[in-house]
Structures are given as structure tokens and as C-alpha cells.
Amino acid sequence: MNTGKNVPGNEEAGMKMRIVSILLAFTAFISGETTTALFPVSDSTLYEKYKISSCVASTGKSGGNDVLELKLKSSPSGWPGIVFSNDIFSITDWSAYGALAVTVENQNADELRVYLRVDDAFPKPNAWTLYQGGAVVPAGKVLRLVLPFESPWGRLRGAPRVASTTAGLILPSGGVTLRRQKIASIILFLGKPTKEYTL
């Protein structure tokens, strides 16, 4: 993984976004007792295992805690982001869990649309069967993005804009089922930004 140096892309002054934590939860209505840390995102010994696209990663601070800081750039390929593979997960069978919760901090003056995707280890017939969704993170806010594995409201295509300043529910694309017995990876990315951002 590249740390501390630029990768090809827009060289304008960066805007920052931080990943504070990545947790599994038993329900989409998360409380402190129902979460399990999937891995310590700021552990620099894991950085070489992170797969990045058009971004730079480093350790930052949020609320006095170490966090993973990403500077994401526009690029010809689009979709800059980071992939966390299951070789660093504390748990790969998510059958007992009901949601993935990723807390991010948007350090920018602009809101960001952030996408989460979870891939299981089973073959996919096409790109329309990906388990993913997006939510808006307001400027200057810390937001916990919650991707439920089974929504009590049913499958809806897309996701509503986030009004809360503390939690954002991401509704995955319609008709997609995640086979939680064996999870392969988590992908966090931006939707083809036109300038450089930092997460």
C-alpha cells in the first residue's frame, strides 16, 4: 500500500476524510453492546494489505484516537477508494450479524457521497448483483454509515440523502442477496469525484 506519497491523479490541494472504525453489528439499530470490531483500521502493520485506487493513506487523529486517513483523487478510471480483504478480518462468517457499520469523518467544506460495497466469496453473474449502497456525509461531520444485511423495509434501489448528523442508513440495491457465510472484502469508495478529497 502506498503511504505518504502521491499516486497519479489530480494534484490540487487535498480534502480529507477519515475512517474511524469498521464494526459488525447484530442489528441495524446499533448500540455499543451489539458491535464487534472487524479489524483496527489505523494499525499501520496492516497497511501493506490494504488495496488502494487513486488515493494516499496515512494515520490521522479523530477525537484523540488514531484513525485511517485517505486522500482520494479524481482519475481516468474513476471510483477512487480502498479495499479491505478478508485476510485481515477477525470474522469472515457474518451469518450471526445484521449490519456493517463504518464511521467516517468528512473534513471537507463539501458534502461527500460515500459508497460501501461488501463482496461475498461466491461467483457473481454480473455487476448488477453487487451488494452496495451510498450515503451523503455532510461537510465537517462524523457519520456512522450502516449497511444492513436484511432491511426491515425491504430492498430499495439507491439510498436517501442523510439528514442525521450521527448515523446514515445505506439501503443496498434492489434484489441483491449477500451470502454471509464467507465474506471476501469490504470496499469503500467515492463516486467519480471531480477533484481531490481526503477521507
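Quick note: structure is the one above.
## Some remarks on the environment of Ile-187
Part 1 of the reasoning: Looking at the element boundaries, Ile-187 is found in strand β12 (residues 183-190).
Part 2 of the reasoning: Considering only alpha carbons, one finds Ile-187 and Lys-51, 136 residues apart in sequence, at a separation of 9.3 Å.
Part 3 of the reasoning: The residues contacting Ile-187, other than those within four sequence positions of it, are Ile-82, Val-83, Tyr-115, Leu-116, Arg-117 and Asp-119.

## Let's talk about the pairing of strand β1 (residues 17-25)
Part 1 of the reasoning: Most of β1 is tucked away, with 8 of its 9 residues classed as buried.
Part 2 of the reasoning: Bridging between β1 and strand β5 (residues 65-72) involves 3 bridges; their strand directions are antiparallel. Paired with Arg-18 across the two strands is Glu-69, which belongs to β5.
Part 3 of the reasoning: Both β1 and strand β7 (residues 99-106) contribute to a ladder of 8 bridges, which runs antiparallel. Bridge pairing links Ile-22 to Val-102 in β7.

Quick notes on the rules
Residues numbered from 1 in each chain as written. Predicted model: local features only at pLDDT ≥ 70, side-chain atom pairs only at ≥ 80, totals over all residues. Heavy atoms only, no water. Helix = DSSP H or I, 4+ residues; strand = E, 2+ residues; numbered from the N terminus. Contact = heavy atoms within 4.5 Å. Buried < 20%, exposed > 50% of the residue type's maximum accessible area, 1.4 Å probe, protein only. Pairing = 2+ DSSP bridges.

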